[in-house]
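Understanding the architecture of this molecule
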Amino acid sequence: MKKVLYLVAALCLALAPAGARAQDISTTGVINGTVTDTAGASVQNAAVTISGQTLPQPRTTTTSEQGSFEVSGLIPGVYTVKVELAGFKTASVESLEVNVGRTSSLSIKLEAGEVSEVVQVTDAAATDLSSTAVGQNLSDTLFDNIPVQRSVTSLFYLAPGVADSGKGGTANPSISGGSALDNLYIADGVNITDSAFGGLGTFTRNFGTLGTGINTSFIKEVQVKTGGFEPQYGQSQGGIINIITQSGGNEYHGAVYGFARPKSFEATRRQPDDTRVNKFGKMIHEENYDAGVDLGGYVPGLRNNLFFYGSYNPTVRRELVRGAEGSGLRTLLGDEYARRYRTHNYAFKTDYNINPSHTVAFSIFGDPTETNVAPFATLNIDNATALNKLEYGTRSLSVRYNGALSNTWTLSASFGQGRTTFDETGFADFNQITDRTQPARGNFTAIGYGFFEPTESKTYRAAFDTSKVANFLGQHTFGAGYQFQRGFYSGTRDRSGPKFTVPATNRDGIAVTNSVIGSAAAAAA
């Protein structure tokens with residue numbers, strides 16, 4: 001079975017207050033504000049300088065007749081804003097955090113005095129009125145300092161309005177009451193939502209979500225939108241999760257690390273099998289081990305222009321399971337058997353600053369995973385015919401351009417490709433037979449694996465957006481954008497066991513065709 005899915009977002013024109021913009025699925029943030037004197041009058045032509053670790057060269061602009069300024073296309077991070085004008089003391093706002101898809105607004109008052117005098121402004125933050133979206137931005141300054149699991153999915157639940165969806169699994173939460181498969185997942189502008197089912201990363205009918213396609217060490221920020229989405233967002237009846245990855249800078253930085261969660265760190269788990277007739281087997285313990293290396297910096301000779309960030313994080317996860325009580329599998333595998341997952345998480349990103357107003361970025365990341373041959377499908381069977389091996393993973397890449405054609409005109413373009421694969425092998429070639437004739441033991445699989453479905457999907461996405469600030473009866477932003485998305489999905493639904501060829505004729509030698517069957521049925525009627 002093969003499906004081709006199209007999504008074309010028609011030209012979209014928006015008219016909104018200053019600061020609102022019709023960008024692509026956002027990978028950057030904005031700083032804007034107004035500058036006045038102590039009497040409240042607008043200050044024109046003041047020099048505004050924005051600097052930070054993610055900016056190799058400071059970004060500069062000047063205030064308009066209304067005393068307003070705006071600088072867009074800023075990588076999420078912490079910045080310093082300085083405002084200078086002859087006859088006034090220099091105003092400095094430090095440790096201003098910029099989040100993805102958000103506008104950090106400032107209201108700055110200049111005091112009369114020498115420009116060489118610097119005033120540290122601590123109460124300049126203003127309310128962001130540029131977005132209608134409701135949600136939460138979770139930066140690495142937060143989740144690096146609180147105890148969370150080493151999984152991007154654990155970060156989702158830090159946002160208000162996000163809850164466990166139940167059967168959708170922890171990787172697919174319920175957002176604002178939506179179902180598990182109603183969310184849209186974006187990473188660096190790439191749609192990493194499964195194009196067939198709607199889950200995160202690799203999603204299957206038998207096992208749910210198996211891979212997220214991105215490791216936590218590569219994450220700079222996670223934005224969770226729970227409602228009020230802007231016009232450029234779609235394909236979601238639940239929420240939107242926007243993941244932004246780390247970038248290099250004009251200084252080298254890196255890390256070597258390792259984490260372990262052995263079974264001895266776990267308490268004894270409660271087992272549902274202890275109280276039910278139809279047994280499913282037991283998950284005794286789960287172990288996680290991973291190590292990795294991260295490195296970011298600049299390319300020699302291009303310190304202020306070309307940057308890179310790379311991460312490699314192999315992981316091993318072991319699920320220690322036990323066959324259902326009274327099953328043959330319990331006898332074959334013993335009291336404890338390990339289902340082992342080996343994942344090679346990788347990520348690489350480059351940023352090229354053509355000049356302070358124009359940037360190009362490329363990123364690629366994935367998580368190919370392979371397991372051992374183990375009882376992943378069922379723990380209540382009398383033999384080893386349903387043991388199987390899983391191979392799955394994702395690979396996503398994106399190319400983005402962000403530019404400022406002037407202080408009031410921005411342009412962005414992006415292209416992304418997301419790919420997911422899933423396959424399972426190793427099970428015996430027997431039809432599945434379920435035994436429902438032993439009330440004391442309950443239902444169990446007598447032999448065979450049953451339903452399986454190898455899948456592959458690819459999603460291509462391109463977007464072009466521009467916005468222009470105009471002063472007419474107040475200050476407004478005009479924005480226009482175009483998005484195109486095309487998804488390919490192929491999946492083979494099958495069942496274990498031998499296959500039989502349908503005879504070409506019936507017992508009377510008559511050809512078995514639709515035409516013959518149809519005419520015979522008509523004659524009989």
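What counts as what
- Each residue is numbered by its place in its chain's sequence as written, counting from 1.
- Local features are withheld for residues below a pLDDT of 70 in this predicted model, meaning they are given only at 70 or higher, and side-chain atom pairs are given and counted only at 80 or more; totals for whole chains, interfaces and linings count all residues.
- Computation of side-chain values: all heavy atoms of the structure, hydrogens and water removed.
- For Phe, Tyr and Trp, where Trp contributes only its six-membered ring, two rings pair if their centres lie within 6.5 Å, and the inter-plane angle classes them as stacked under 30 degrees, edge-to-face over 60, or tilted in between.
- Over a ring means this: the NZ of a Lys or the CZ of an Arg is within 6 Å of the ring centre and within 35 degrees of the ring normal.
- Here the rule is simple: two strands pair whenever DSSP picks up at least two bridges between them.
- Comment: elements are numbered from the N terminus, with helices defined as DSSP H or I runs of at least four residues and strands as E runs of at least two.
- For helices, the fitted axis covers only the stretch in contact; all axes are lines through C-alpha atoms, and the angles between them, taken along N-to-C directions, range from 0 to 180 degrees.
- Note: pLDDT gives the predictor's confidence per residue, expressed from 0 to 100.
- Contact between two residues is taken to exist if any of their heavy atoms lie within 4.5 Å; hydrogens are not considered.

Considering the packing of aromatic side chains
Applying the stated criterion to the full structure yields 12 aromatic pairs. Above the face of the Tyr341 ring, Arg317 is positioned so that its terminal group lies 4.0 Å from the ring centre. Just above the ring of Phe444 sits the side chain of Arg441; from NZ or CZ to the centre is 3.5 Å.

Points about the pairing of strand 27 (residues 409-425)
Bridge count between strand 26 (residues 389-406) and strand 27: 17 bridges; the pairing is antiparallel. Paired with Thr394 across the bridge in strand 27 is Thr420. Between strand 26 and strand 27, which pair antiparallel in sequence order, lie 2 residues. Note that strand 27 and strand 31 (residues 455-471) share 14 bridges and pair antiparallel. Within the sheet, the bridge partner assigned to Phe422 lies in strand 31 and is Thr455.

A few points about the sheet that holds strand 3 (residues 47-52)
Two strands in a sheet stick together by hydrogen bonds in their backbones, pointing the same way (parallel) or opposite ways (antiparallel). On the basis of which strands lie adjacent, the open sheet formed by 5 strands has the order 4-3-6-7-9 and mixed pairing. Every other strand in the sheet has two partners, leaving strand 4 (55-62) and strand 9 (118-120) as the edge strands with one partner each. Shown here is a sheet whose adjacent strand axes are inclined to one another by a mean of 25°, direction ignored. Bridge count for strand 7 (residues 90-98) against strand 9 is 3 bridges, and the pairing is parallel. Opposite Ala91, over in strand 9, you have Val119 as the bridge partner.

Looking at the confidence of the model for the chain
In the predicted model, the chain carries a mean pLDDT of 83, and 90% of its residues have values of at least 70. Per-element confidence in the chain is highest for strand 25 (residues 369-371), whose mean pLDDT is 96, and lowest for strand 1 (residues 2-17), whose mean pLDDT is 41. Note on residues 1-24: pLDDT is under 50 here. Beyond four places in sequence and across chains, it has 80 contacts. Low pLDDT, under 50, characterises residues 515-525; the predicted model gives this stretch 3 contacts beyond four residues in sequence or across chains.

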